[in-house]
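Chain and residue survey
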Amino acid sequence: MEYFEHRAPCDPTLIGKFRKLIGEEGVEELLAKTIAVAVNLKLISKKSLETVVVDSTVQPKAVAHPTDSRLLEVCRSKLVELAKAAGIALKQTFAKEGKTLTRQASGYAHAKQFQRLKKPLRRQRTIIEKLMRGIQARMGTLSERIRAMLQAGLDKAQQLVTQTKQRKATGPKLYSWHAPETECLAKGKARTPYEFGVKVGIASTLRHNLILGARSFPNNPFDGHTLNEQLEQAQILTDSTIRDVYVDLGYRGVDAANPGVSIKHRGKAKRLTERERRLLKRRQAIEPIIGHLKADHRMDRCHLKGQTGDAIHAVLCAAGYNIKWLLRMIRKKGVRLFLSLLQALGLGRGTNRSGHSNCTHPLAGFKTYTQRAFA
C-alpha cells in the first residue's frame, strides 16, 4: 500500500473463494511446475520418471477426538445456536447441565467405568431430543430458507443420537459436526490405532525422492483400487509414461486393472530379477517422504473445508515438499544452478531496448539472498 488506510486491503473470504475457483486442477499445475523445473535443470532425468513408488497414508482432519459425550455436547450447543439464529425462543438450553454431564462422562471413561458412563450419555441424548422437538414445533412459521438450514442441523442431530444408541452402528458415522466428511481409518498402529481424516496416495520417483503425484481418496477404498487413478495423475503431471511401479503388499491383485504397468512387490519376489529385487529395497524410501510431508509440510492436520479442501491440501503439501527439495539441490549444486533456476522461472537477467543488461553483475539484486542461503 502506498499510504495507510483503516480498511483491510481485501475481504478475508477472498482466500476461500480463490481456492474454490482454482480447485484441485489449479494446484496440480503448481506441482507439475516443480517437476518440470527439476527436469529442465537436469536435477533428475526424464527416464527416471518412468519408475515410481506408490504408497498411501492418512491425512488427518483438524477435528477433536470424537467421543460420544463430546459429540453430543457439541450437538446441543449447535442446536441452541441454530434456534437463536432463526429467532426461535427455546424454553431451556440445558447449558449448565450439559457441561456437568460432559465432565461426568469423561471421568467415568477415564476410570473405565463403562456401565456408569451409560447414564450421562442417555441424559445427553434426551436433552438433544427435547431441543429437536422444541425447534420442530416452531418451524412452521419460518421462511423456506431458514427451515432448510434448521432441517440440515436436525438431520445431523438425529444421526448422532442414532449412532450413539447402537452398540455397532451401521452405515456412515458422523465424527465431527463441522467436518462431516471425516472418516475413521484403522491403521493398526500401537500408538494410534485409528486416525480420522481421509486416505491420500503418494507417488514418488524411485531414486531421487521427488514427489510426482498426491491425491485424496474419500470413502476409504482398498489401496489397490487407488493405484489406477494415482498413476493417471502422475503421468499427466510429468507428461511421461510410467512403466514400473514398486508398492507394498496392500496393492496385490490389481495387475489386470493396470495394463501396461509392471507392478512389483514382495509377493512376487521369486519372479523378479536380481536387479528388480535390489530396486525393491528402495521402496521403503517413500516412508520418510510421508513423514516429512506430515512433520514439515502440514499434512498432519488439514484445516481446509470439505472433500475439495482435502484434495487441495494434499497437492499443496506435495508441492511444498518439492519446492524444498529444489532449494536443497540448489544449495548442494551451488550458485550457478541458482541462477539457472531464476532464468528458468523468468527472474534472471534481462536486457533493455539498447541491448545492454539491466544489471551489472549476475548476482546483482540477489547478493543478500545468496549470502543467507549458502552461508
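Use the structure listed above.
Below is a summary of the structure that appears in this document. All of these numbers come straight from a predicted model, not from anything done at the bench.

Cut-offs and rules
Residues numbered from 1 in each chain as written. Predicted model: local features only at pLDDT ≥ 70, side-chain atom pairs only at ≥ 80, totals over all residues. Heavy atoms only, no water. Helix = DSSP H or I, 4+ residues; strand = E, 2+ residues; numbered from the N terminus. Buried < 20%, exposed > 50% of the residue type's maximum accessible area, 1.4 Å probe, protein only. Contact = heavy atoms within 4.5 Å. Areas by Shrake-Rupley, 256 points an atom, 1.4 Å probe, with all protein chains shown as cover. Phe/Tyr/Trp six-rings, centres within 6.5 Å; stacked < 30°, edge-to-face > 60°. Lys NZ or Arg CZ within 6 Å of the ring centre and 35° of its normal. Expected span 1.5 Å × (residues − 1). Bend = angle between axes of the 7 residues up to and from the residue. 1 Å grid on protein atoms, 1.4 Å probe; cavity = no way out; pocket = protein on both sides within 12 Å on 5 of 7 lines; lining within 4 Å. Points joined across faces, edges and corners; volume = space filled by probe spheres on them. Nonpolar A, V, L, I, M, F, W, Y, C, P; charged D, E, K, R; others polar. Core = buried A, V, L, I, M, F, W, Y, C linked by side-chain atoms within 4.5 Å. Patch = residues over 30% accessible without salt bridge, like charges linked within 9 Å, V, L, I, M, F, W, Y side chains within 5 Å. Salt bridge = Lys/Arg side-chain N within 4 Å of Asp/Glu carboxyl O.

A word on the overall build of the chain
Each helix and strand in the chain was counted, giving 11 helices and 6 strands. A burial count over the chain gives 42% of its 375 residues as buried. Excluding contacts between residues fewer than 6 apart, the proportion of contacts in the chain whose partners are at least 24 apart in sequence is 66%. In the form shown here, the chain has an accessible surface area of approximately 22,700 Å², with 52% of it arising from carbon and sulfur atoms.

Regarding the packing of aromatic side chains
One pass over the structure, following the stated rule, counts 1 aromatic pair. Considering the side-chain rings of tyrosine 175 and phenylalanine 196, the 5.4 Å spacing of their centres and the 50 degrees angle between planes classify their relative orientation as tilted. With tyrosine 175 in the loop between helix H5 (144–165) and strand E2 (183–186) and phenylalanine 196 in strand E3 (residues 194–205), this pair connects stretches of sequence that are 21 residues apart. For the pair formed by tyrosine 175 and phenylalanine 196, the shared burial category is buried. Just above the ring of tyrosine 246 sits the side chain of lysine 264; from NZ or CZ to the centre is 5.8 Å.

What to know about H5
In this model H5 runs 31 Å from its N-terminal to its C-terminal C-alpha over 22 residues, within 8% of the 32 Å that 1.5 Å per residue would give. Those residues of H5 that fall on the buried side of the exposure criterion are Ile146, Leu150, Gly153, Leu154, Ala157, Leu160, Val161, Gln163 and Thr164. Buried residues along H5 sit against helix H2 (68–86) and helix H4 (114–137).

Structural notes on helix H1 (residues 14–40)
Across its 27 residues, H1 extends only 34 Å between first and last C-alpha, which sits more than 12% below the 39 Å expected from 1.5 Å per residue. Along H1, the helix axis deviates most sharply at glycine 23, where the bend reaches about 85 degrees. Residue lysine 42 follows H1 closely and has a positive phi angle near 60 degrees.

As for the layout of surface pockets
Taken as a whole, the largest pocket encloses approximately 980 Å³ of empty space. The wall of the largest pocket is formed by 30 residues, among which Asp68, Leu117, Leu121, Thr164 and Arg167 lie closest to the centre. Partitioned by chemical class, the residues of the lining of the largest pocket number 13 nonpolar, 8 polar and 9 charged. Computed from the structure, the second largest pocket encloses a volume of approximately 300 Å³. The wall of the second largest pocket is formed by 15 residues, among which Lys47, Ser48, Thr51, Arg275 and Leu279 lie closest to the centre. Those elements that place two or more of their residues in the lining of the second largest pocket are strand E5 (244–246) and helix H7 (274–280).

So, the nonpolar core
Counting residues in each nonpolar core, the largest one holds 54 residues, and the members touching the most others are Val54, Ile202, Leu227, Leu231 and Val245. For this core, the element with the most residues is helix H9 (residues 306–333), which contributes 10 residues. Discounting residues that sit within four places of it in the chain, leucine 231 has contacts with Val52, Val54, Ile242, Val245, Asn258 and Val261. In this structure, Cys75, Ala83, Ile127 and Ile128 belong to the second largest nonpolar core, which totals 29 residues.

Quick word on a nonpolar patch on the surface
The grouping of Leu30, Leu316, Ile323 and Leu327 at the surface amounts to a nonpolar patch, some 310 Å² of accessible area in total. Broken down by element, the nonpolar patch gets its largest block of residues, 3 residues, from H9. Position of leucine 316 among the secondary structure elements: in helix H9. The class of leucine 316 is partly exposed, set by a relative accessible area of 37%.

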